[in-house]
Amino acid sequence: MNYIELKSVQYSYNEKSKKVLDNISFMIDKGDMLSIIGPNGSGKSTLLKLINGIIAPNSGSILFEGKDIDSISKKELARKFAFVMQQNHVDFEFTCEEIVMMGRYPYLRRFESESEEDLNIVIEAMKNTGVYHLKDKSINEISGGEKQRVFIAKAIAQTPEVLFIDEGTSNLDIRYKLDILKLLQKLNEDGMTIVMVQHDLDLTARFSKSVCLLHNGKVHTLDTPEGVFLEKNIRDVYGIESIISSDNPIKAPIIIPL
Ligand code: ADP
Ligand code: MG
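Since we're looking at a predicted model, the values are computed, not measured.

Definitions and cut-offs
- Residues numbered from 1 in each chain as written.
- Chains lettered and ligands numbered in written order.
- Predicted model: local features only at pLDDT ≥ 70, side-chain atom pairs only at ≥ 80, totals over all residues.
- Heavy atoms only, no water.
- Donors = N, O, S within 2.8 Å, 3.2 Å for Na, K, Ca; no water.
- Helix = DSSP H or I, 4+ residues; strand = E, 2+ residues; numbered from the N terminus.
- Buried < 20%, exposed > 50% of the residue type's maximum accessible area, 1.4 Å probe, protein only.
- Pairing = 2+ DSSP bridges.
- Salt bridge = Lys/Arg side-chain N within 4 Å of Asp/Glu carboxyl O.
- Core = buried A, V, L, I, M, F, W, Y, C linked by side-chain atoms within 4.5 Å.
- Contact = heavy atoms within 4.5 Å.
- Axes fitted to C-alpha atoms, helices over the stretch in contact; angles between N-to-C directions.
- Expected span 1.5 Å × (residues − 1).
- Arc of directions from axis to C-beta.

(A) Spatial organisation of the coordination of the magnesium ion (ligand 2). Protein-derived coordination of the magnesium ion (ligand 2) comes from Ser45 (OG) and Gln86 (OE1), at a distance range of 2.1 to 2.4 Å. One end of the pair, Ser45, is in helix α1 (residues 44-51); the other, Gln86, is in the loop between β6 (81-84) and α3 (96-101), and 41 residues separate them in sequence. Of the residues examined, Gln86 reaches a relative accessible area of 35% and is grouped as partly exposed.

Encoded structure:
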């Protein structure tokens, strides 16, 4: 059985507007570390919201382990999927630790309070993302990059099978960017499937097992980083000339725009 499967998915935000996603079909294997890339407005965030069941396709279907995600209860889905959105607004003065603890809610019964095990998972997730020292601060009084890491900690505390992350590292300085990508890589090595929308092409090339390149609401190419980062593909989709070089110690393709 396929793990995650999109079948002829179409989506537009309203009836009159043009299709944001047009006839998208692909599969995501268990254990993949998939990056979705493409120009601004190419539909990356919309695609991630569809796979998470936050919005429903106009036509086509999205299956998780053979079941339509519409037919899976929100609570059950929250034990399988965690989603770090591109923008996170918090209206109340929750502390950072309270936000991360929300990642444990799908595991609690009604009126049940958190156990010591839940707290330990929360502490570990906060330490791994470098935000433990912020635990008693209000989520609204920390920087954008710190907030981003708190929401990544919340998603990790959710101990999902699949972690979706929409431009999760875009706000971060290079050190945290690298730390978070290495943490995601470690989670992936331990069995978690990772699906991320990425902006930085060089880091995508280095930290992905597969790459889905979106263009005008369609999948242009879905392949290994080496199969996607070709001068022709960059020209087709981004409209720029580039040189792709793998002549570096890490052997990952580096994209040099011309
Ligand atoms: P990306 O994440 O690749 O930048 P998005 O998925 O956010 O792209 O957006 C794809 C297209 O859908 C864009 O043209 C955008 O303007 C439009 N769009 C996104 N969100 C909405 C919305 N809530 N209502 C109407 N149009 C939207
Ligand atoms: Mg987006």
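The structure having been displayed, the exposition proceeds.
(B) Looking closely at the pairing of strand β11 (residues 242-245). Of the two faces of β11, the one holding Ser242 and Ile244 is buried and the one holding Ile243 and Ser245 is not buried anywhere. Across four bridges, the pairing between β11 and strand β12 (residues 254-257) is antiparallel. Across the sheet, residue Ser245 finds its bridge partner in β12, namely Ile254.

(C) Spatial organisation of the pattern of salt bridges. All chains considered together, the criterion is met by ten salt bridges. Its salt-bridge partner being Arg235, residue Glu241 comes within 2.9 Å of it at the nearest N-O pair. Here the salt bridges do not stand alone but share partners, grouping Lys30, Lys80 and Glu161 into one network.

(D) Representation of the nonpolar core within the structure. Of all hydrophobic cores here, the largest spans 37 residues; its most connected members are Ile139, Val150, Leu163, Leu184 and Ile194. Among the elements of the structure, β6, α3, α4 (116-128), α5 (144-157), β7 (162-166), α6 (174-189), β8 (193-197) and α7 (201-207) are those that each provide at least two residues to this core. Of the residues forming this core, the biggest block, seven residues, is contributed by α5. Each residue touching Leu184, except ones within four places of it in the same chain, is listed here: Met33, Leu163, Ile165, Ile194 and Met196. Counting residues in hydrophobic clusters, the runner-up holds 29 residues, among them Tyr3, Phe26, Ile72 and Phe83.

(E) Local environment of the sheet that holds strand β9 (residues 210-215). Spatial ordering of the open sheet is given by β6-β7-β8-β3-β9-β10, a layout of six strands whose pairing is mixed. Of all strands in the sheet, those bounded by a partner on one side alone are β6 and β10 (218-223). Strand-to-strand twist of the sheet, defined as the mean angle between neighbouring strand axes without regard to direction, takes the value 15°. As judged from the five bridges shared by β7 and β8, these two strands associate in the parallel manner. By the bridge assignment, Val162 is partnered in β8 with Thr193.

(F) Representation of α6 within the structure. Under the 1.5 Å per step criterion, the end-to-end length of α6 is 22 Å for 16 residues, consistent within 8% with the ideal 22 Å. Of the positions making up α6, those classed as buried are Tyr176, Lys177, Ile180, Leu181, Leu183, Leu184, Leu187 and Asn188. Here the buried residues of α6 occupy an arc of 155° about the axis, which is enough to place them on one side. The outward face of α6, more than 90 degrees from its buried face, is lined by the exposed residues Ile174, Arg175 and Glu189. Elements that come into contact with the buried residues of α6 comprise β3 (33-37), α4, α5, β7, β8 and α7. Phi for Gly191, located one or two positions after α6, is positive at around 120°.

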